[in-house]
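Examining the three-dimensional arrangement
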Amino acid sequence: MQIVSKRIPLDGTNPAVYPACTRSAAPTQVGTHLRGGGRTLDRDASMKTMTAPRGALLRGIAACGVALALAVLFAPSSATTQDKGTLNPKPLPPLAKPDDPATPAKELFGRKTAPAPLQARTIGFYSKGCLAGAVALPINGPTWQVMRLSRNRNWGHPNLIEFLERLSAQAPKTGWHGLLVGDLSQPRGGPMLTGHASHQVGLDADIWLTPMPARELTREEREEISATMVVAEDRKDVDPQVWTPAHVNLIKVAAKDPQVARIFVNAAIKKALCRDAGSDRHWLGKVQPWWGHDYHFHVRINCPSDSSDCTPQPPRPADDGCGAELDHWFTEAILHPKPSPPSKPKPGLRMADLPAACHQVLLAP
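Figured I'd write up the structure that's included with this text.

Scoring rules and cut-offs
Residues numbered from 1 in each chain as written. Predicted model: local features only at pLDDT ≥ 70, side-chain atom pairs only at ≥ 80, totals over all residues. Heavy atoms only, no water. Helix = DSSP H or I, 4+ residues; strand = E, 2+ residues; numbered from the N terminus. Expected span 1.5 Å × (residues − 1). Buried < 20%, exposed > 50% of the residue type's maximum accessible area, 1.4 Å probe, protein only. Pairing = 2+ DSSP bridges. 1 Å grid on protein atoms, 1.4 Å probe; cavity = no way out; pocket = protein on both sides within 12 Å on 5 of 7 lines; lining within 4 Å. Points joined across faces, edges and corners; volume = space filled by probe spheres on them. Nonpolar A, V, L, I, M, F, W, Y, C, P; charged D, E, K, R; others polar. Phe/Tyr/Trp six-rings, centres within 6.5 Å; stacked < 30°, edge-to-face > 60°. Lys NZ or Arg CZ within 6 Å of the ring centre and 35° of its normal. Disulfide = S-S within 2.5 Å.

With 13 residues, helix 2 (residues 158-170) should reach 18 Å at 1.5 Å per residue; the first-to-last C-alpha distance of 19 Å fits that figure. Among the residues of helix 2, those classed as buried are Asn159, Leu160, Ile161, Phe163, Leu164, Leu167 and Ser168.

Next up on the list: the pairing of strand 3 (residues 121-125). Taking burial as the measure, the five residues of strand 3 include four buried ones, the bulk of the element. Sheet topology note: the strand 3/strand 4 (residues 128-132) ladder contains five bridges and is antiparallel. Paired with threonine 122 across the bridge in strand 4 is leucine 131. Counted along the chain from strand 3 to the antiparallel partner strand 4, the turn is two residues long.

As a further point, take the layout of surface pockets. The volume enclosed by the second largest pocket comes to roughly 550 Å³. In terms of lining residues, the second largest pocket is bounded by 20 residues, among which Lys90, Leu92, Gly110, Ser150 and Arg151 are the most central. Per-class residue counts for the lining of the second largest pocket are six nonpolar, eight polar and six charged.

Attention shifts here to the packing of aromatic side chains. Per the stated rule, a full pass over the model turns up five aromatic pairs. Cluster of aromatic residues (ring-pair linked, three or more members): Phe264, Trp290, Trp291 and Trp329. Lying across the ring of phenylalanine 330, lysine 271 places its NZ or CZ 5.0 Å from the centre.

In total, this model carries three disulfides according to the counting rule given. Disulfide pairing is shown between cysteine 274 and cysteine 322; the S-S distance is 2.0 Å. Handedness here is read from the sign of the S-S torsion; for cysteine 274 and cysteine 322, about -85 degrees, the answer is left-handed. Taken as a pair, cysteine 274 in helix 5 (residues 267-276) and cysteine 322 in the loop between strand 13 (296-301) and helix 6 (324-328) lie far apart in primary sequence, 48 residues in all. According to the relative accessible area criterion, cysteine 274 is buried, its value standing at 8%. Overall, the relative accessible area of 21% leaves cysteine 322 in the partly exposed class. Residue pairing for cysteine 303: its cysteine sulfur links by disulfide to cysteine 310, the two sulfurs lying 2.1 Å apart. One disulfide, between cysteine 303 and cysteine 310, carries an S-S torsion of -70 degrees and so falls in the left-handed class.

Below is the structure:
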């Protein structure tokens, strides 16, 4: 099958990925494996129980300037899978009753713009906790760039930052020029105003399924560019015009890191990994199919040894996950679910729902 010739050019100048008006920016990196970036958001509570899937059926097409990307919609939800950032982020207005126990915790943590000056530790579970002593991933590194800077979500436990720097250094050896990094956590972790239900304790990171270009992206590009869809439109496999051995190699290297607890990907991506892995398959067990995750893969690392209040997630099964577990994701009920009846939105987490130590994190100067 002649696939390579049909793939989107990986030359960093494709106008369908990078805006033509900014292609002349002076390169600060050197490489050949390039593609535009993108991200999706996990909207589940803990990535342990199943909910109705939201299939992404529309593809973002980039264009020059502010309107360079079309939002891709998850059906039946009206939320966009690739939310743009902004060049002019504005502070949120003060809360009228910040001490009211009924105030959602996301409103409180979402207004914290700096980390708590405490000893670094994660508190609670990945979808119900907070983060003390967070460290920021620098927005530029030799082999990574942080996206959607206006979100201020490039914070994590030091173990997560070290993992990302380690993975990005290995990326070029796999055929992947460098990482485009999406959301980690907020400065103090905790529930977010938009997007994620997890990413609360500084141990989760979204890595775009598109390589870093051979130049430093502009601020506008970091807020605006969208991704190339990795999953085919029928949701049953990856798109052969997009999928490359480098995708497999990068996820494999990430999964083999001893700090990694699991990696969430779309079921179609897991299917491709199972097919392309060859005889070295033990790492596949860490890769878990999940809704969405067709523009990025989501890495979750283990609880740090310095964080006794961190609640670990049960380990993945010992097998490679390429059998019955994966087959379930391609049943008719999953690929084409019946519409669910309308339901009232669930109330967000309150401070009383979080570990008691999160009060100290929130109130720290």
